[in-house]
Amino acid sequence: MSAIRLNIEAAILRSLAELIEEQNIASEAEPGTPRVHIVATAHELVQAAQVMAQAFVRNRDKAWIAWLRPADVSRIDSGDFVDAERKIARVIHYLLRAALRAGGVVVLETACDECQGGRTVRGAALRTLPSAASPGASFFHDLTVGAPAALRAYGLRRTLAAQSASIALQRATHAMRVREGIPSRCIYGGMVCVRPDHEQKRVASRMSRPFQRLADVHGLFYLLQSSNPDRNDARVFKGFGFRHTGEFLYGASKLNSVGPYAVKLMVRSPAPVLPE
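Residues numbered from 1 in each chain as written. Predicted model: local features only at pLDDT ≥ 70, side-chain atom pairs only at ≥ 80, totals over all residues. Heavy atoms only, no water.

Engineer: Describe in detail helix α4 (residues 70-77), supporting the description with residues and values.
Structural biologist: Structural remark: α-helix, 3.6 residues per turn; residues separated by three or four positions point the same way. Looking at α4, one finds that the buried residues are Asp 72, Val 73 and Ile 76. Seen along its axis, α4 keeps its buried residues to an arc of 100 degrees; they face one direction. Count one or two residues on from α4 and you reach Gly 79, which has phi positive near 95 degrees. (Buried < 20%, exposed > 50% of the residue type's maximum accessible area, 1.4 Å probe, protein only. Helix = DSSP H or I, 4+ residues; strand = E, 2+ residues; numbered from the N terminus. Arc of directions from axis to C-beta.)

Engineer: For the pattern of salt bridges, give the residues involved together with the corresponding values.
Structural biologist: A full pass over the atoms with the stated rule returns 18 salt bridges. In this structure, the salt-bridge partner of Arg 206 is Glu 30, at a minimum N-O distance of 2.7 Å. Within this pair, whereas Arg 206 is found in helix α8 (residues 203-217), its partner Glu 30 is found in the loop between α1 (10-26) and β1 (35-38), the two being separated by 176 residues in sequence. For Arg 206, a relative accessible area of 7% translates into the label buried. Judged by its relative accessible area of 22%, Glu 30 falls in the partly exposed class. A salt bridge links Asp 83 to Arg 75, with the nearest nitrogen and oxygen atoms 3.9 Å apart. Under the relative-accessibility criterion, Arg 75 is labelled partly exposed at 32%. A single salt-bridge network, built from bridges that share partners, covers Glu 30, Glu 109, Arg 122, Arg 202 and Arg 206. (Salt bridge = Lys/Arg side-chain N within 4 Å of Asp/Glu carboxyl O.)

Engineer: Describe in detail the side chain of Asp 61, supporting the description with residues and values.
Structural biologist: By the element assignment, Asp 61 lies in the loop between α2 (42-58) and α3 (62-65). Its relative accessible area of 5% is what places Asp 61 among the buried residues. Here the side chain of Asp 61 touches Ala 63 through a polar contact of 3.0 Å, landing on its backbone nitrogen. (Polar contact = N/O pair within 3.5 Å; in protein donor to acceptor, adjacent residues only side chain to side chain.)

Structural measurements only, silent on function.
What follows is the structure, given as C-alpha cells:
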C-alpha cells in the first residue's frame, strides 16, 4: 500500500501529530472510541474523497454541485446520489493529491462500528499548512490527472467555467489576506465533511480542533471560506474564534447549474499563549 509524502514544515507536522494524539487519548472513553488520524496511504486518500463527495452531494453543497449538468442536479434533488457522488469523488481525489504537494494534510475521523465489526470512517478534512519546500510546477499532473477527472464530471465548457470561478475565489481570498495584513505563512481551511448519517456527533469538531490549537501554539492565522453559508455560516464558526471579513460572489456563469451565491471569507487570529 503506497505511502503518502507530506510537504509540511517538520515542526508543524510534529506538533499536529502530538495534538491529535492528545485529543485521541482524551476521547478514548467516548462512545465508539472516536479517533482522528493523518491520512498516510493512497487507499485512505480515496476513502477521504469518497466521504467528502457523499457529504457534499447529499447536503447539496452549492460549490460542488454547481458545475454538474442540470440533469445531474435534478437526479440529486430526486434522491439519486450515486452518479454525482462518483463524479465528484474523482475531482476531489485529484484536488487532495494536488493539495498534498503544496502543504496540504488530510485527516480522517473513525469510530468503532458494532454492525460492521471494525472501525468506520465518519468524516474527512483537508487543511493546508506551511510547506517545507516549494511545490514546483504541476502542469503535467494537472493535464494527465486533473483534466480527465474534471472533464468526466462536468464536460469541457463547465470544467473551464469551474476553473475560472476557482481562480477568481483564490484571488479574492489572497486580496482579503493582504487587506487584513495576514502573513502568507498561515493555515488555510479546506474541506471539512461528515457523512450525513454521522452528523451531530462532534465529528467535525474533532477534526478541526487540533488545527485551531496548532494555530495558537505556532502563532498562525487561520483562513477559511464557507461555501455553504446555510449550514456553516459565520455564526457557526464564531464559536471557533473566526470573524467574517468579506464575501465573494461565486460562480457568476450561465453554466452554473444552481446559480451564483456568496462565499463567506473568514479569519481566525492566533490566541495569545499564556506564560506557564
